[in-house]
Amino acid sequence: MILELESVSKSYGALKVTDAVSLQVPRGQALGIIGPNGAGKSTLFNLITGNVLPDAGRIGFLGRDVTGLPAMARVRMGVGRSFQIPQPFEGLTVFENLLTAASFGGAGAPRDQMAQDCAEILRRTGMLPRANRLAGSLSLLDRKRLELARAMATAPELLLLDEIAGGLTEAECRSLVDTIREIHAGGTTIIWIEHVLHALNSVVERLAVLDFGRLIGVGAPEEIMASREVREIYLGIDI
Ligand SMILES: Nc1ncnc2c1ncn2[C@@H]1O[C@H](COP(=O)(O)OP(=O)(O)OP(=O)(O)O)[C@@H](O)[C@H]1O
């Protein structure tokens, strides 16, 4: 297992946002996380990345107990993440944004090697033609691609994607999904929170459902999508 959550809980005041969540993710798997707004999905990511520490429970990554480890140490161990709202350094170019991410997350590769790795990530994410554009001038799709590229630049073993397909047209979404599928095929473990279910289900092998901070189902996507509980939660949403 690359990631193991054991009965992880987190409350904000009286609100239990993560309620004794236990989850195991095998290396190389693509896992989707779905659930209504406010179910605690982003908080679960924050717990995995170390941006938020749990009140109870244990988090294991690559066989090591990382429960109390700060976020930066987890990035260096191989936990990479894209944010729901991309926040690149707007005044830097796409390439500079990538170099910055690589120097934070990388394992201290020499600068030439780092530049080469970043160029390769730009190619894989379709951003090579935009390498010298200022991040602040990018379209939404390219901002999302840059967000994905920045996460990849930290050389993740585990890539966490937070609603990366939201707000895109159907064609844009398809091209982004193709890129994510290629990253997955390259062996990176992926956990992807997404409301655009057809995009999610075209990539992931397993789905987990969060509701009011509780994990109410984990299984094959077709099994989860057919369950009554999930259909009730998503009533009115085109699945
Ligand atoms: N730092 C915080 N302080 C207080 N409450 C918080 C904090 N972070 C999150 N919450 C609350 O925790 C609950 C879960 O939030 P979270 O962002 O994890 O949900 P989500 O499932 O990711 O939602 P969405 O799909 O809308 O992004 C919400 O009620 C939110 O208001």
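Shown above is the structure to which this text applies.
Each chain carries its own residue numbering, running from 1 in the written order of its sequence. In view of the model being predicted, local features appear only for residues whose pLDDT reaches at least 70, and side-chain atom pairs are presented and counted only at 80 or more, with totals across whole chains, interfaces and linings using the full set of residues.

Asker: Talk me through the sheet that holds strand 4 (residues 56-61); I want residue IDs and the actual numbers.
Answerer: What holds strands together in a sheet is hydrogen bonding between their backbones, with the strands either parallel or antiparallel. In this description, strands pair whenever DSSP reports at least two bridges between them. Helical segments are the DSSP runs of H or I of at least four residues, strand segments are the runs of E of at least two, and each set is numbered from the N terminus. Strand order across the open sheet formed by four strands is 2-1-4-5, with antiparallel pairing between neighbours. Across the chains shown, the open sheet's two edge strands, defined by having one partner strand only, are strand 2 (15-25) and strand 5 (64-65). Both strand 1 (residues 3-12) and strand 2 contribute to a ladder of seven bridges, which runs antiparallel. Bridge pairing in strand 2 links K10 to T18.

Asker: Give a description of the pairing of strand 7 (residues 158-162) that names residues and reports values.
Answerer: Note on burial: count the other C-beta atoms lying within 10 Å of the residue's C-beta; 20 or more is buried, 12 or fewer is exposed, in between is partly exposed, and C-beta positions come from the backbone. Within strand 7, five of the five residues are buried, which leaves the element mostly enclosed by the surrounding structure. Side chains of strand 7 alternate between two faces, with L158, L160 and D162 and L159 and L161 buried alike. When strand 7 meets strand 8 (residues 189-193), the two strands line up parallel, connected through five bridges. When the bridges of strand 8 are listed, D162 appears paired with I193. Handedness of the crossover joining strand 7 and strand 8 through helix 6 (residues 170-185): right-handed. A crossover gets the label right-handed when its path from the first strand over the helix to the second runs clockwise, viewed with the strands pointing away from the viewer.

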